[in-house]
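Analysis of the macromolecular model
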Amino acid sequence: MRSLRAALAASLAALALLTGCTDDDPSPGDPTSTWTPTGEPETPTSSATAKPTEPPLPDAATKATEEGARAFITYYWDLINYAQVTGDVEALKRVSGSTCRGCSRVINGISDLYTDGGHAIGGEYTLRIERITEVTTPDKAALGIEAAIRVRNQEQTIVQGSGESARSVPATSRYLIYLIWVNEAWRTDIVEPR
Amino acid sequence: MKGLVALAALLVVVTPTPAVADGEDPDVSATTTPGGLSASLLDDVDGDIDTSSDAKPSGQVDDGPSFQLGEAACPGATELVGTSADVTFCQHYSEPTTPVLTVGLIRTAFAELRLPAGELVIQPPDGLTLVNFDTNFYTTSTEPISRTVTLLGRRVTLEATPSTFLWTFGDGESLTTSDPGAPYPQLQVTHNYLRKGTYRPSLATTYTGRYRVGGGPWRQIPGTVTIDGTGQALRAIEAEPKLVSY
């Protein structure tokens, strides 16, 4: 009898040692109870609150072809949209010819508005190219593109530096644009109403 | 400031706007001429908006080539081909006495290169195909072609690259691709002849180009050159079901 009990006790002790159970070990918990998600869930930032960044020159707009000219004209109006809501006309200046009067009107007008403390909200233009043709000189010295375009603006609020504001409703406007290919790039040399 | 006053004149202010708290949109009670800010600036051709800014577009040098409005926009203004509008080209040479290797010379040289027509391969071969069947078309002429010419005493390398392909199938249908096609079993450019007959499909290859003067940087050649290929006789026949004993 005693040997059996001793044997039993011994084996129980051995069992306890084998399993390593002690009162100090924490019992394995429910895994889900210890895991918590960290970090904020991603939400898309509203475009109304995020500061717009200057649109980059698309690769397609660097080609001396009609497709390249189309891409460049789209890029030009993307820059106008960007300049209207930021006052940043630097990119527009880079891609406009120094003799381009229409370009100057837009660049200087936007620049003046912001320099005097004003700004504009909205007014984004969508562009449609109605007609596009290649133009050149008899000796082929120039490569140009003539494009008849149509733009339509979204509603816009223009706030003067004085605090006065006004609203501009959507409308369609038509322009004739001339691009010239010079120094390995397109440049806008003429933008006039038609 | 004067510019802003003039700009405000374009804006019809109906009531004075009250003071607004930070972050609130101002109470907009007035409406401008429609079209948005940039359109109103562009439409102001006579310059009623006097912009005091002397911000001038372009980092480009003033004596470079340009398009300008008006017939007598500059001395030696050249009329444009391709438009009837009142726009001329002003070419200002920085060294007026030296003949300049102009883009015009390069383009003319490129056009005179006598580039080859692309080789048209048709499958099935031997000028025979079936109606209502994917006849396969491709070209092996896809590599750039380089030629060296001398212009105004300078060595100029011209490189032409096949870029678009116009497949004319001879039955009134045609297709333009930037894909040169591929041999069977790939079927990239195919055509289905609906009626039996003899057709003369052909391929026209449009090349884009670039050039360099001596060892200088590569520059794009504006414009393209298209070379038409000759037609290949192709007979489309109907498959006749043939009963084979079995």
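Below is a summary of the structure that appears in this document.

1. Some points on the pairing of strand β3 (residues 87-90) of chain B
Residue and element names in this part refer to chain B.
- Covered by surrounding structure in β3 are Val 87 and Phe 89 together with Thr 88 and Cys 90, the residues of both alternating faces.
- Bridge count between strand β1 (residues 66-69) and β3: four bridges; the pairing is antiparallel. Following the sheet pairing, Phe 67 is matched in β3 by Phe 89.
- Both strand β2 (residues 78-79) and β3 contribute to a ladder of two bridges, which runs antiparallel. Residue pairing for β3: Glu 79 is matched across the bridge by Thr 88.

2. With respect to the interface of chain A and chain B
- Taken together, the contacts link 73 residues of chain A with 58 residues of chain B.
- Summed over both sides, the interface between chain A and chain B buries roughly 5,600 Å², with carbon and sulfur atoms accounting for 59% of that surface.
- Joining chain A to chain B, the criterion identifies one salt bridge.
- Between A:Glu134 and B:Arg107 there is a salt bridge, with its nearest N and O atoms 3.3 Å apart.
- Viewed at the interface, chain B and chain A are joined by 23 residue pairs in polar contact (both at pLDDT 80 or more).

3. Considerations on the state of the cysteines
All names here are of chain A.
- If you walk through the whole model with that rule in mind, you get one disulfide over all chains.
- Covalently, Cys 100 is tied to Cys 103 through a disulfide, its sulfur atoms 1.9 Å apart. Here the disulfide of Cys 100 and Cys 103 is right-handed, its torsion about the S-S bond being about 70 degrees.

4. Some points on unusual backbone geometry
- Omega for the peptide link from B:Gln123 to B:Pro124 comes to 5 degrees, which places this bond in the cis form.
- Here the bond from B:Tyr184 into B:Pro185 is cis, since omega is 10 degrees, no more than 30 degrees from zero.
- Despite not being glycine, A:Glu184 has its phi angle at roughly 65 degrees, a positive value.
- For A:Glu184, the position within the fold is in the loop between β6 (172-182) and β7 (185-193).
- Phi is positive for B:Leu152, which is not a glycine, with a value near 50 degrees.
- Along the polypeptide, B:Leu152 turns up in the loop between β7 (145-151) and β8 (154-168).

5. Some details on the side chain of A:Asn153
- The topology assignment puts A:Asn153 in strand β3 (residues 143-153).
- Taking relative accessible area as the criterion, A:Asn153 reaches 2% and is therefore assigned buried.
- Here A:Val169 takes part through its backbone oxygen, which lies 3.2 Å from a polar atom of the side chain of A:Asn153.
- A polar contact is formed between the side chain of A:Asn153 and the backbone nitrogen of A:Ala171, at a distance of 2.8 Å.
- If near-sequence neighbours (up to four positions away) are discounted, A:Asn153 is found in contact with A:Gly123, A:Glu124, A:Tyr125, A:Ser168, A:Val169, A:Pro170, A:Ala171, B:Gly35 and B:Gly36.

6. As for the sheet that holds strand β10 (residues 189-192) of chain B
Residue and element names in this part refer to chain B.
- Spatial ordering of the open sheet is given by β4-β6-β10, a layout of three strands whose pairing is antiparallel. This sheet does not close on itself; its edge strands, each paired only once, are β4 (120-123) and β10. Across the sheet, the axes of successive neighbouring strands diverge by a mean angle of 30 degrees, strand direction being ignored.

7. Brief notes about the sheet that holds strand β5 (residues 165-168) of chain A
Residues and elements named next belong to chain A.
- The three strands lie next to each other as β1-β4-β5, forming an open sheet whose pairing is antiparallel. Every interior strand has two partners, whereas the edge strands, β1 (119-122) and β5, have only one. Put simply, the sheet's adjacent strands are angled 20 degrees from each other on average, direction ignored.
- Judged from the four bridges that link them, β1 and strand β4 (residues 156-159) form a sheet pairing that is antiparallel. Among the inter-strand pairings, His 119 is bridged to a residue of β4, identified as Val 159.
- The strands that helix α5 (residues 101-115) touches are β1 and β4; relative to β1, the one it contacts most, it runs at about 110 degrees.

Rules used throughout
- Residues numbered from 1 in each chain as written.
- Chains lettered and ligands numbered in written order.
- Predicted model: local features only at pLDDT ≥ 70, side-chain atom pairs only at ≥ 80, totals over all residues.
- Heavy atoms only, no water.
- Buried < 20%, exposed > 50% of the residue type's maximum accessible area, 1.4 Å probe, protein only.
- Helix = DSSP H or I, 4+ residues; strand = E, 2+ residues; numbered from the N terminus.
- Pairing = 2+ DSSP bridges.
- Contact = heavy atoms within 4.5 Å.
- Buried area = accessible area lost by both parts, 1.4 Å probe.
- Salt bridge = Lys/Arg side-chain N within 4 Å of Asp/Glu carboxyl O.
- Polar contact = N/O pair within 3.5 Å; in protein donor to acceptor, adjacent residues only side chain to side chain.
- Disulfide = S-S within 2.5 Å.
- Axes fitted to C-alpha atoms, helices over the stretch in contact; angles between N-to-C directions.

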